[in-house]
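Spelled out from the first residue to the last, the chains are:
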Amino acid sequence: MFTRALLAILLFLSACSSEERLYKTEGHVFGTTVSITIYGGSQQRADLLGDEVLREFDRLHRKFHAWQPSMLTALNDSIAKGQPFRADAEMAGLLKSAEKLSTRSGLLFNPAIGHLIRLWGFQKNDISAQGPEEAEIKRWVDAHPSLSDLRYDGNTISSVNTAVMIDLGGYAKGYALDRAAMLLREAHVKAALVNIGGNVIAIGKPGERPWQVGIRDPRGAGTVAQIALHDNEAIGTSGDYERYFMKDGKRRPHIIDPRTGYPIDLVASVTIIAGGGRDPGLRSDGHSKPLFIAGPEGWQAMAAKLDLKEVLLVDAQHQVHMTPAMQARIDATHKP
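Residues numbered from 1 in each chain as written. Predicted model: local features only at pLDDT ≥ 70, side-chain atom pairs only at ≥ 80, totals over all residues. Heavy atoms only, no water.

### Regarding the overall build of the chain
- Broken down by element type, the chain carries nine helices and 16 strands.
- Here the C-alpha atoms of the chain give a radius of gyration of 20 Å, agreeing with the 20 Å that 2.2 N^0.38 yields for 336 residues.
- Principal-axis analysis of the C-alpha atoms gives the chain an extent of 60 × 45 × 35 Å.
- Counting across all 336 residues of the chain, residues that qualify as buried make up 56%.
- Pairs at least 24 apart in sequence give 64% of the contacts found in the chain among residues at least 6 apart.
- Of the roughly 14300 Å² of accessible surface on the chain, 49% is carried by carbon and sulfur atoms.
- Looking at the chain, you have 39 positive and 38 negative side-chain charges, and the mean spots of the two groups are 1 Å apart. (Helix = DSSP H or I, 4+ residues; strand = E, 2+ residues; numbered from the N terminus. Rg over C-alpha atoms; globule rule 2.2 N^0.38 Å. Buried < 20%, exposed > 50% of the residue type's maximum accessible area, 1.4 Å probe, protein only. Contact = heavy atoms within 4.5 Å. Areas by Shrake-Rupley, 256 points an atom, 1.4 Å probe, with all protein chains shown as cover. Lys, Arg positive; Asp, Glu negative; His and termini not counted. Charge placed at Lys NZ, Arg CZ, Asp CG, Glu CD.)

Okay, here's the thing in structure tokens:
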């Protein structure tokens, strides 16, 4: 559910004095490796803060899991039965914000297609090659599930479409990043970098230079570019190389086109940078999905529609495409 394209995180330690060190806490949540790197303070304080963030990640993982028992699966069960479900303000708020992005993207971002995600075998830990019947794919596509089918009475949620099955695998990690940033800012850390398997958010800067991250090459062991990440900026990558299977010579990644019901095989990865406001993490996670689905021919129009300035796309032929603002950002990172 939550696995994502990994970013190679490159930390430049030369700016740190012996009194201003980097302390790193690692864990495994959301089905991927997570890390919290804190600049300055003491090891003991960094350990306490890192553990606090990991506990928050674990809470969100358990709450929004798409196939293990959770508040989200309970909501989906109620929707399937045509019954209302009493959620809480956090879940209702997250779903409403996801609906706004879904509408803006013309439903290319559509967390309500959980039945299709399950049909293709991506709602489990061990992914194997699947070959769903075309009639079954068509059944769920023709049902047109969307978050706009949801109805709210306070925090009680119901749906006018029982075909809705919500999977927040392309959204919840971004929300978790924003929650981590809030906790660390409240603790007055000098600087920190939080990485959830490829979704990264920056707080402050470690010394004289900003945080440095590398965008992973989706078809190799290296990186395709390096980026300086500034305070309250987040970078997110959607890729076809973490959760996928090969069948009939085609790569079938976990990102599914709601219009066809089939996984996208024209794009290897999409990376975007989001900054400012209270939700850069959320935006860095959710906004990359509709660009991935729009593909090599439509990603630029979708980026403009979503007001995304800094975008890098690697297509299935390993050709790199980017917006002028992203090219300028990369060029600026390499200047002395």
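### Digging into the side chain of Ser-70
- Relative to the helices and strands, Ser-70 resides in the loop between helix H1 (43-63) and helix H2 (71-80).
- Side-chain polar atoms of Ser-70 contact the backbone oxygen of His-65, separated by 2.6 Å.
- Not counting residues up to four positions away in its chain, the partners in contact with Ser-70 are Arg-62, Lys-63, Phe-64 and His-65. (Polar contact = N/O pair within 3.5 Å; in protein donor to acceptor, adjacent residues only side chain to side chain.)

### Focus: the layout of surface pockets
- In this structure, the largest pocket occupies an estimated 400 Å³ of space.
- Along the wall of the largest pocket there are 16 residues; nearest its centre are Asp-178, Arg-179, Met-182, Arg-278 and Asp-279.
- Only helix H3 (89-104), helix H6 (172-186) and helix H7 (280-286) provide two or more residues apiece to the lining of the largest pocket.
- A per-element tally of the lining of the largest pocket places H6 first, with six residues.
- Across the lining of the largest pocket, the residue classes tally to seven nonpolar, three polar and six charged.
- If you add up the space inside the second largest pocket, you get close to 280 Å³.
- The wall of the second largest pocket is formed by 15 residues, among which Arg-104, Asp-279, Arg-283, His-287 and Leu-306 lie closest to the centre.
- Those elements that provide at least two residues to the lining of the second largest pocket are H3, strand S14 (267-275) and H7.
- At four residues, the largest contribution of residues to the lining of the second largest pocket is made by H3. (1 Å grid on protein atoms, 1.4 Å probe; cavity = no way out; pocket = protein on both sides within 12 Å on 5 of 7 lines; lining within 4 Å. Points joined across faces, edges and corners; volume = space filled by probe spheres on them. Nonpolar A, V, L, I, M, F, W, Y, C, P; charged D, E, K, R; others polar.)

### Quick notes on the nonpolar core
- Membership of the largest hydrophobic core comes to 64 residues, with the highest contact counts inside it found for Phe-57, Leu-75, Ile-166, Leu-168, Leu-184 and Leu-291.
- The leading source of residues in this core is H6, at seven residues.
- Aside from chain neighbours lying at most four places away, what touches Leu-75 is Phe-85, Met-91, Leu-95, Ile-157 and Ile-166. (Core = buried A, V, L, I, M, F, W, Y, C linked by side-chain atoms within 4.5 Å.)

### Overview of the environment of Asp-265
- Take Asp-265: it is sitting in the loop between strand S13 (250-253) and S14.
- Assessed through its relative accessible area of 30%, Asp-265 is described here as partly exposed.
- Not counting chain neighbours up to four residues away, the residues in contact with Asp-265 comprise Lys-250, Arg-251 and Ala-316.

### Details of the sheet that holds strand S5 (residues 150-153)
- Ordered by their spatial adjacency, three strands build an open sheet running S4-S6-S5, and the pairing between neighbours is antiparallel. Every interior strand has two partners, whereas the edge strands, strand S4 (85-86) and S5, have only one.
- Examined bridge by bridge, S5 and strand S6 (residues 156-159) share four bridges and lie antiparallel to one another. Opposite Arg-151, over in S6, you have Ser-158 as the bridge partner. (Pairing = 2+ DSSP bridges.)

### Here we look at the pattern of salt bridges
- Going through the model one piece at a time under the given rule, you end up with 20 salt bridges.
- Asp-240 serves as the salt-bridge partner of Arg-219, at 2.6 Å between the closest nitrogen and oxygen. Separated by 21 residues along the polypeptide, Arg-219 in the loop between strand S9 (211-216) and strand S10 (223-229) and Asp-240 in the loop between strand S11 (233-239) and strand S12 (244-247) bring together distant segments of the chain.
- Residue Asp-240 is classed as buried on the basis of its relative accessible area of 3%.
- Among the ionic pairs, Asp-285 bridges to Lys-289, the shortest N-O distance being 3.1 Å. For the pair formed by Asp-285 and Lys-289, the shared burial category is buried.
- The network of salt bridges with common partners includes Glu-56, Arg-59, Lys-63, Asp-88, Glu-90 and Arg-179. (Salt bridge = Lys/Arg side-chain N within 4 Å of Asp/Glu carboxyl O.)

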